[in-house]
Amino acid sequence: MPSKRDYYEVLGVSKSASKDEIKSAYRKLAKQYHPDNKETGSEEKFKEIQEAYDVLYDDNKRATYDQFGHAAFDQNGGAGGFNGGFGGFQDVDLGDIFSSFFGGGRRTRRGPSGPTRGNDAFMRVRVNFMDAINGTTISIPLDFDEKCDKCYGTGAKTPNDVETCSHCNGTGSVRTRQQTLFGTVETQSECPHCHGTGKVIKNKCDACNGKGYKHVHSNVDVKVPAGINEGQQIRVPNKGERGTNGGSNGDLIIEVTIKKHDNFERDGDNIHIEVPVSMVDAALGVTLTVPTVYGEVEVKVPSGTQSGQILKVRGKGVKNVRSGIYGDQYIHVKVVTPTSISKEQKALLEKFKELEGKNESIFDKFKKMFKK
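Residues numbered from 1 in each chain as written. Predicted model: local features only at pLDDT ≥ 70, side-chain atom pairs only at ≥ 80, totals over all residues. Heavy atoms only, no water.

Visitor: Go over the state of the cysteines with me, naming the residues and quoting the values.
Guide: Per the stated rule, a full pass over the model turns up zero disulfides. With no disulfide of its own, Cys191 lies 3.7 Å from the sulfur of Cys194, the closest cysteine sulfur. (Disulfide = S-S within 2.5 Å.)

Here it is, written out as structure tokens:
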């Protein structure tokens, strides 16, 4: 059995490629090798491309693959222990995969006449820095189709008004034969009478006029969890595209982006802040009241602290959404030299300089390094 190609090689991207680069490469290759493409289509290559994308676009799977390679997804176990990996991939409808990137999320197929779940919908929301730290609830205006609560999405006045289509016998498709120079050609197409549903309605629901749904404009409250980070997603059930034949709506997937803060900088679950300290306080030591994302705390700056030195305040970082563990806050000390001083201050500094001159100066020590 031939060995699998490296997933990065399959998509033609580097190992440091961003998620946008991976998605762009996938779209291009999927369009080129999709089986519906009569010129360059290849089901085998398309499956290979899809498999590579499924792993590399998922941060957790990608990290596992980078560490263990294909063994992490080996059906017989392997380093990652995923027990099956991509086993069953052959059961996925290729047309659904193709439509998921060129027309929305993937539909779950349930046969031509059965309920079909709607596509997921996607949107991006920008939240304030502190709201992402502490959590908040945002109200989002949405327009979506909701299943009719009178006919439950069937479009029929009563359950007895739904009948099996007599033209396709409920299959949703019809076959036609045509004689050509090469013999008899048989094709299969959507039934024009039931439009692929396999059902016909005698009497329409008077609430939705047979549509099976109603259009709704509503403000939906979405809870943003404390500690959410840039690029993470929130799933809102049943607020995506409508299903068919009574199928449920897809979900609304919200990707969160976060506004920058003027003073705090986030790095994963840790917070960084630069704090100015006078040269006298840095030399003698001082206790300062320092702001954190949760309020002020007292921090001891030890004597002899240098500019650029970093102090850590444990547990004052961001709460991890998954583990619930808090990160830390790092204080970057910036020793500030005054640009103007009074006569009295100058006199004191001159006195300090005079006392310091009895010992070897810092600059003299520096020069000695070059004489060795």
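Picking up where we left off.
Visitor: Please provide a residue-by-residue account of the nonpolar core, values included.
Guide: By size, the foremost hydrophobic cluster in this structure holds 37 residues, and its most contacted members are Val222, Ile254 and Ile331. Counting residues in hydrophobic clusters, the runner-up holds 19 residues, among them Ala25, Leu29, Ile49 and Tyr65. (Core = buried A, V, L, I, M, F, W, Y, C linked by side-chain atoms within 4.5 Å. Buried < 20%, exposed > 50% of the residue type's maximum accessible area, 1.4 Å probe, protein only.)

Visitor: How would you explain the pairing of strand 12 (residues 286-292) if you had to name every residue and give the values?
Guide: Relative to strand 13 (residues 295-301), strand 12 runs antiparallel, the two being bridged by seven bridges. Counterpart to Thr289 in the pairing with strand 13 is Glu298. Where strand 12 hands over to strand 13, the hairpin turn is made up of two residues, counted between the paired strands. (Pairing = 2+ DSSP bridges. Helix = DSSP H or I, 4+ residues; strand = E, 2+ residues; numbered from the N terminus.)

Visitor: Could you give an account of the sheet that holds strand 8 (residues 233-236), naming the residues involved and the relevant values?
Guide: Here we have three strands laid out as an open sheet, ordered 1-9-8, and mixed in their pairing. On the outer flanks of this sheet lie strand 1 (121-127) and strand 8, each paired with one strand and no other. Sheet twist, expressed as the average angle between the axes of neighbouring strands with direction ignored, equals 25 degrees. (Axes fitted to C-alpha atoms, helices over the stretch in contact; angles between N-to-C directions.)

Visitor: Give me the environment of Asp54: which residues, what numbers.
Guide: Along the chain, Asp54 turns up in helix 3 (residues 43-56). What makes Asp54 partly exposed here is its relative accessible area of 26%. Along the sequence, Asp54 and Tyr26 sit 28 residues apart, while their C-alpha atoms lie 9.9 Å from each other.

Visitor: Explain the packing of aromatic side chains residue by residue, including any values.
Guide: A full pass over the atoms with the stated rule returns five aromatic pairs. Measuring from centroid to centroid gives 4.6 Å for Tyr7 and Tyr65, while their planes differ by 35 degrees, and the two rings are tilted. With Tyr7 in helix 1 (residues 7-11) and Tyr65 in helix 4 (residues 59-68), this pair connects stretches of sequence that are 58 residues apart. As far as the burial class goes, Tyr7 and Tyr65 line up, both buried. With centroids separated by 6.2 Å and ring planes inclined at 45 degrees, the aromatic side chains of Tyr8 and Tyr65 adopt a geometry described as tilted. Of this pair, Tyr8 sits in helix 1 while Tyr65 sits in helix 4, and the two are 57 residues apart along the sequence. Here Tyr8 and Tyr65 have matching classes, each one buried. (Phe/Tyr/Trp six-rings, centres within 6.5 Å; stacked < 30°, edge-to-face > 60°.)

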